[in-house]
Amino acid sequence: MIDRRAFAFGLGASALLSGPTAARAARVDPAARLRALERSAGGRLGAFVLDTGSGRHFGWRADERFCHCSTFKLSLAALALREGDAGRLDPAAMLAFGQADLVDHSPVVEAHLAAGRLPVLALAEAVQVTSDNAAANVLMRRLGGSAAVTRFWREIGDEISRLDGYEPTINEIPPGTTQNSTTPRAMAETVRRIVLGDVLATDSRERLRGWMAATRSGLGRIRAGIPAGWRGLDKTGTGMRPSIGNKTNDLAVLLPPGGRAPLIVTGYFETPSFSADVRPQDEAALKALGRLAIEWRG
């Protein structure tokens, strides 16, 4: 059941981004629309939209810090693939795990607990497609810890993003620090380099894109705002804890019909109010972001 606030926000987001308003999209400052969307949603929204063909872009709070939550796992999977491409990591190598490695939301590792091991490639797929937390920790330890993820970002030109621990403690930014954080603009460029650039060999890049397409957790977020004929690839992140409220994030690559250049859309929405479940109204803010990106692109 959708509560009254969720229903009201859904109507508000639709009003902001459809009908006569949509017809004026090209003439209205998209950042102002994001500001209005943030106000309507009742939280803090960070967003960046990049047209990879023209280089045009817009955003809101684009250079402010937001917590990755599980969105970092796109980069972790890409790092594992890159190391395989370079011959520094055998994708078929078996990595061991046990009961002590289990943390909340580890569906793939838990299903293979009796065997106690999975190949690197299977763990990387679990990290991206099901956001398996134990798989992320096991893979990170093999690669050199969270510092290896941060180093990967620096190596591909991202001087902003950083990761500072393991699941599940990395779902917050400790007060007074920039730990476990990125900015919408920095991550949009990182997604572009990983998914569309030459960070990965062709086969690995296509494998990662296939994993992103198979990721189901984002179907109610940015990808929900795209029309028929478009395709979406993404990686979500979600943090829900009484001490930090709820964080609903998504990194998306939107592929238009006709072979036109993709859009990169990064969205981070956080609210201090806590819910043990993902709230439809929080996902609706990112759906509205996806719709606005499409309308702006034209």
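Residues numbered from 1 in each chain as written. Predicted model: local features only at pLDDT ≥ 70, side-chain atom pairs only at ≥ 80, totals over all residues. Heavy atoms only, no water.

Caption draft 1: Representation of the overall build of the protein chain within the structure. Check the secondary structure of the protein chain and you find eleven helices and nine strands. Whereas a compact globule of 298 residues would reach a radius of gyration of roughly 19 Å, the protein chain reaches 19 Å, a difference of no more than 12%. Seen through its principal axes, the protein chain has C-alpha atoms that stretch 55 × 40 × 35 Å. The burial tally for the protein chain puts 52% of its 298 residues in the buried class. When contacts within the protein chain are restricted to residue pairs at least 6 apart in sequence, long-range pairs at least 24 apart make up 66% of them. Here the protein chain holds 38 positive side-chain charges and 31 negative ones, and the gap between their average locations is 5 Å. (Helix = DSSP H or I, 4+ residues; strand = E, 2+ residues; numbered from the N terminus. Rg over C-alpha atoms; globule rule 2.2 N^0.38 Å. Buried < 20%, exposed > 50% of the residue type's maximum accessible area, 1.4 Å probe, protein only. Contact = heavy atoms within 4.5 Å. Lys, Arg positive; Asp, Glu negative; His and termini not counted. Charge placed at Lys NZ, Arg CZ, Asp CG, Glu CD.)

Caption draft 2: Representation of the nonpolar core within the structure. Ranked by internal contacts, the top residues of the largest apolar core, which has 53 residues, are F72, L76, L139, F152, V191, L208 and V253. When residues no more than four places from it in sequence are discounted, the contact partners of V253 are V191, V195, L196, M212, R231, G232, L233, P262, L263 and I264. Ranked by size, the runner-up nonpolar core spans 24 residues in total, among them L45, I222, W230 and I294. (Core = buried A, V, L, I, M, F, W, Y, C linked by side-chain atoms within 4.5 Å.)

Caption draft 3: Region of the structure containing the packing of helix α3 (residues 30-41) against helix α11 (residues 280-297). For the pair α3 and α11, interaxial distance at closest approach is 11 Å and the crossing angle is 165°. Between α3 and α11, the angle is such that the two are roughly antiparallel. Helix-helix and strand crossings are classified by hand; for α3 and α11 the assignment is right-handed. Residue-level inspection shows P30, R33, L34, L37 and A41 of α3 in contact with α11, the latter providing A285, A288, L289, L292, E295 and W296. Tallied by class, the residues present in the contact of α3 with α11 amount to nine nonpolar, no polar and two charged. (Axes fitted to C-alpha atoms, helices over the stretch in contact; angles between N-to-C directions. Parallel < 35°, antiparallel > 145°, perpendicular 65-115°, else oblique. Left-handed = near helix turned anticlockwise from the far one by under 90°. Nonpolar A, V, L, I, M, F, W, Y, C, P; charged D, E, K, R; others polar.)

Caption draft 4: Quick look at helix α8 (residues 146-155). Among all positions of α8, only S146, A148, V149, T150, F152 and W153 are buried. Contacts from the buried residues of α8 go to α4 (72-85), α7 (133-143) and α9 (184-196). Where α8 ends, the next residue or the one after it, G157, has phi of about 100°, a positive value.

Caption draft 5: Focus on the side chain of S161. As for its placement among the helices and strands, S161 is situated in the loop between α8 and β6 (181-182). S161 gets classed as buried once you look at its relative accessible area, which sits at 0%. A polar contact is formed between the side chain of S161 and the side chain of T182, at a distance of 2.6 Å. What S161 contacts, discounting residues up to four positions off in sequence, is H68, T150, W153, R154, S181, T182, A186 and M187. (Polar contact = N/O pair within 3.5 Å; in protein donor to acceptor, adjacent residues only side chain to side chain.)

Caption draft 6: Quick peek at a nonpolar patch on the surface. Together, M240, F274 and V278 line one region of the surface with nonpolar side chains, adding up to about 230 Å² of accessible area. Position of V278 relative to the elements: it lies in the loop between β9 (263-271) and α11. The class of V278 is partly exposed, set by a relative accessible area of 36%. (Patch = residues over 30% accessible without salt bridge, like charges linked within 9 Å, V, L, I, M, F, W, Y side chains within 5 Å. Areas by Shrake-Rupley, 256 points an atom, 1.4 Å probe, with all protein chains shown as cover. Salt bridge = Lys/Arg side-chain N within 4 Å of Asp/Glu carboxyl O.)

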